[in-house]
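A closer look at the structure
Residue strings, one per chain:
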Amino acid sequence: MYRPKNNNLWSALLVVYSALYAAAVIGAEPAQLFEPIRSVLQHPRCQNCHIPGDQPLQYDQGKPHAMLVQRGMDGKGMPAMECSSCHQQKNSPAVMGMHAPPGAPHWQLPSPENKMVFIGLSPKDLCMVLKDPARNGGKDGQKLITHFADDKLVAWGWNPGGNRTVPPLTKEQTVAAVKQWVNAGMPCPA
């Protein structure tokens, strides 16, 4: 996604885009309700950690994480290279530079048993993964809403620090889209 160097212009464009996007979905067919959610989940802020392999990705380009960081047995990294060694409870101070390690509570990848892969899936396949408790960490619709609304690591995606881009919808718009999708029975696109 193009990002102007002027952050005020970027913010204004994001607000306009988000409003148009949300307005287009309000009258959407049930199977179209997942599209706003898909646009967020397949943004680099989400898919860099929801990976098919075991090495997280970095930056909007999805480059393999430096220092050969790996998922580990619980998603928290390998011994002596745990995520929390660099990723603290909040973003690094700006004085550390634009590429300093970001941070949020319980920084980690999904567990190896439940990777929740978002990369390379069609909208239908991603929808099927998200709504299946056997593949989404045991979450029913209400738990998914709570996950998007209250999880502090999820919330980091909209406050990533540095020069990192944010998903195309705000957190509030995303939570509203998830609620609308869940309330409609979690329909998937064809």
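Read on for an overview of the structure. (Residues numbered from 1 in each chain as written. Predicted model: local features only at pLDDT ≥ 70, side-chain atom pairs only at ≥ 80, totals over all residues. Heavy atoms only, no water.)

1. As for the pattern of salt bridges
Oppositely charged side chains may form a pair once their charged atoms are brought near each other. Convention followed: The working definition used for a salt bridge is a side-chain nitrogen of Lys or Arg within 4 Å of a carboxyl oxygen of Asp or Glu. Helix numbers and strand numbers start at the N terminus; a helix is a DSSP run of H or I with at least 4 residues, a strand a run of E with at least 2. Note on classification: 1.4 Å probe, protein chains only; a residue is buried when its accessible area is under 20% of the maximum for its type, exposed when over 50%, partly exposed between these limits.
Across all of its chains, the model carries five salt bridges by this definition. Put simply, aspartate 54 and arginine 71 hold a salt bridge, and the shortest N to O gap is 2.8 Å. In this pair, aspartate 54 sits in the loop between α3 (44-47) and β1 (57-58) while arginine 71 sits in the loop between β2 (63-64) and β3 (77-78), placing the two residues 17 residues apart along the sequence. Classification of aspartate 54 by relative accessible area gives partly exposed; the value is 33%. For lysine 115, the salt bridge is made with aspartate 54, and the minimal N-O distance between the two is 3.4 Å. With lysine 115 in the loop between β4 (81-82) and α4 (123-131) and aspartate 54 in the loop between α3 and β1, the pair connects residues that are 61 residues apart, well separated along the chain. Using a relative accessible area of 21% as the deciding quantity, one classes lysine 115 as partly exposed. Each member of the salt-bridge network shares a partner with another, and the members are Asp54, Arg71 and Lys115.

2. Here we look at a nonpolar patch on the surface
This is how the line gets drawn: Patches draw on residues past 30% relative accessible area with no salt bridge. Two like charges within 9 Å are joined, as are two nonpolar side chains (Val, Leu, Ile, Met, Phe, Trp, Tyr) within 5 Å. Note on areas: these come from Shrake-Rupley sampling with a 1.4 Å probe, and a residue is covered only by the protein chains present in the view.
On the surface, Met67, Met78 and Met81 cluster together to form a nonpolar patch covering roughly 280 Å² of accessible area. Tracing the chain through its elements places methionine 81 in strand β4. With relative accessibility at 34%, the residue methionine 81 sits in the partly exposed group.

3. Quick notes on the state of the cysteines
Rules: When two cysteine sulfur atoms lie within 2.5 Å, the pair is treated as a disulfide.
Counted by the stated rule, this structure contains one disulfide. At a sulfur-sulfur separation of 2.1 Å, the disulfide partner of cysteine 127 is cysteine 188. Taking the sign of the torsion about the S-S bond as the criterion, the disulfide between cysteine 127 and cysteine 188, at about -85°, is left-handed. Placement of cysteine 127 in helix α4 and of cysteine 188 in the segment after α7 (171-183) is noted, with a sequence separation of 61 residues between them.

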